[in-house]
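# Architecture and fold: a report
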Amino acid sequence: ILSHNCPHYSDNTTESHATLIPDHDIELSDLEKCLQVAHGVRMKFSTYLLFDMIRIAQSLYLTNASHFIEEQLIWKEYNDERFIYYAIKCDLSRFLAVHLKKVTPEQALKIIRSINEGHIDNSSMEIKKMIVAKVLYGRY
């Protein structure tokens, strides 16, 4: 299934389960749900499960599942500042954009300062640009 859906796995059809799935702490039921989403099944999940599934989808390079899960997170309309942290940690640029609009530049700077530098250093250039735009220019 992974070799069919993910170009990343197309050459690894004879690899072992441990090699194909990099995160060994994945629950089989969560993996099954993630693969169903990757195949176009639209299901509703709890917030906790969404953040767990986004980690699974990203580790397996299931970009369509990642986008759908991020979309579900956006539609839930959270008002908690810690979701900015989760958006940066999980590299969810659209989810971050929604949350940056809800805070002032000063609040955003306070949140960014409380985040471990490793999460920001490992995030995409798009995430970094969004943070700079919000903190320095007040945009987003």
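Note on numbering: residues in each chain are counted from 1, in written sequence order. Where local features are concerned, this predicted model is filtered to residues with pLDDT of at least 70; where side-chain atom pairs are given and counted, the filter is 80 or more; whole-chain, interface and lining totals use all residues. As a convention, hydrogens and water are excluded, and side-chain values are obtained from all of the structure's heavy atoms.

The chain is annotated in an unreviewed UniProt entry as BTB domain-containing protein of Caenorhabditis remanei.

### Thoughts on the nonpolar core
Residues belong to one nonpolar core when they are buried, are Ala, Val, Leu, Ile, Met, Phe, Trp, Tyr or Cys, and are joined through side-chain atoms within 4.5 Å. Relative accessible area decides the class of each residue, using a 1.4 Å probe on protein chains only: under 20% of the type maximum gives buried, over 50% gives exposed, and in between gives partly exposed. In this structure, Leu62, Ile88, Phe95 and Leu96 are the most contacted members of the largest nonpolar core, which totals 40 residues. Here a strand is any run of E in DSSP of at least two residues, a helix any run of H or I of at least four, and the numbering for each starts at the N terminus. Contributing elements (two or more residues each) for this core: helix 3 (28–38), helix 4 (47–59), helix 5 (63–75), helix 6 (82–89), helix 7 (93–100), helix 8 (105–114) and helix 10 (125–137). A total of 7 residues in this core trace back to one element, the largest contributor, which is helix 4. Residue contacts are counted whenever heavy atoms from the two residues lie within 4.5 Å of one another. If we ignore the near neighbours within four places in the chain, the residues touching Leu96 are Ile84, Ala87, Ile88, Ile127, Met130 and Ile131.

### Overview of the pattern of salt bridges
Here, a salt bridge means any side-chain nitrogen of Lys or Arg that lies within 4 Å of a carboxyl oxygen of Asp or Glu. Under the counting rule described, the total for this entry stands at 2 salt bridges. Across the salt bridge formed by Arg55 and Asp52, the nearest N and O atoms sit 2.7 Å from each other. With Arg55 and Asp52 both in helix 4 and 3 residues apart, this pair spans about one turn of that helix. For Arg55, a relative accessible area of 32% corresponds to the partly exposed category. Residue class for Asp52 comes out buried when judged on its relative accessible area of 16%. With a shortest N-O distance of 3.5 Å, Arg94 and Glu70 are connected by a salt bridge. Placement of Arg94 in helix 7 and of Glu70 in helix 5 is noted, with a sequence separation of 24 residues between them. The partly exposed category is assigned to Arg94, whose relative accessible area is 35%. The class of Glu70 is buried, set by a relative accessible area of 5%.

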